[in-house]
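# Analysis of the macromolecular model
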Amino acid sequence: DPELNVEDLGKDMGLSRVQLYRKVKVLTGKTPVELLRKTRLMKARTMVTTTDRSIAEIAYATGFTSPSYFNKCFKDEFGVSPGGMRG
């Protein structure tokens, strides 16, 4: 869901944005935004390697609003573009 954000997560858990930030940072060493992005990218990597959906479809399906931003984040995280991971 591209609309999912830290405020919504905090609200669903009964925490303020600041409380959520502190707790997630202590537990994971990452900010909630970084953790959400990493989770989306891990799901995307699975989809890249197990489906024949287009990269743009995978980007949108995992909550990214721009395929070009998705490509940049994917390459930053895994060191290879999504298309390059497919071989």
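Residues numbered from 1 in each chain as written. Predicted model: local features only at pLDDT ≥ 70, side-chain atom pairs only at ≥ 80, totals over all residues. Heavy atoms only, no water.

Under the counting rule described, the total for this entry stands at three salt bridges. Residues Glu-77 and Lys-38 are paired through a salt bridge, measuring 2.5 Å at the closest nitrogen-oxygen approach. Note that Glu-77 is positioned in helix H5 (residues 67-78) and Lys-38 in helix H3 (residues 32-50), a separation of 39 residues in sequence. Judged by relative accessible area, Glu-77 falls into the partly exposed class, the value being 32%. (Salt bridge = Lys/Arg side-chain N within 4 Å of Asp/Glu carboxyl O. Helix = DSSP H or I, 4+ residues; strand = E, 2+ residues; numbered from the N terminus. Buried < 20%, exposed > 50% of the residue type's maximum accessible area, 1.4 Å probe, protein only.)

Now for the nonpolar core. Leu-41, Ala-44, Met-47, Val-48, Ile-55, Ile-58, Ala-59, Phe-64, Phe-70, Cys-73, Phe-74 and Phe-78 form the largest nonpolar core, which has 12 residues in total. Within the residue set of this core, elements represented by two or more residues are H3, helix H4 (55-61) and H5. Among all residues touching Ile-58, those that are not within four sequence positions of it are Ala-44, Met-47, Val-48, Thr-51, Arg-53, Phe-70 and Arg-86. (Core = buried A, V, L, I, M, F, W, Y, C linked by side-chain atoms within 4.5 Å. Contact = heavy atoms within 4.5 Å.)

Another point: the environment of Leu-4. Relative to the elements of secondary structure, Leu-4 occurs in the segment before helix H1 (6-13). Leu-4 sits 32 residues away from Leu-36 along the chain, and the two C-alpha atoms are 9.1 Å apart. Excluding its chain neighbours within four sequence positions, the residues that come into contact with Leu-4 are Leu-9, Leu-36 and Arg-40.

What follows is about the packing of H3 against H5. Interhelical geometry of H3 versus H5 gives an angle of 90° and a closest axis separation of 10 Å. One element, H3, and the other, H5, form an angle in the roughly perpendicular class. On H5, the residues touching Arg-37, Lys-38, Leu-41, Met-42, Ala-44, Arg-45 and Val-48 of H3 are Tyr-69, Phe-70, Cys-73, Phe-74, Glu-77 and Phe-78. A class-by-class count of the residues in the contact of H3 with H5 yields nine nonpolar, no polar and four charged. (Axes fitted to C-alpha atoms, helices over the stretch in contact; angles between N-to-C directions. Parallel < 35°, antiparallel > 145°, perpendicular 65-115°, else oblique. Nonpolar A, V, L, I, M, F, W, Y, C, P; charged D, E, K, R; others polar.)

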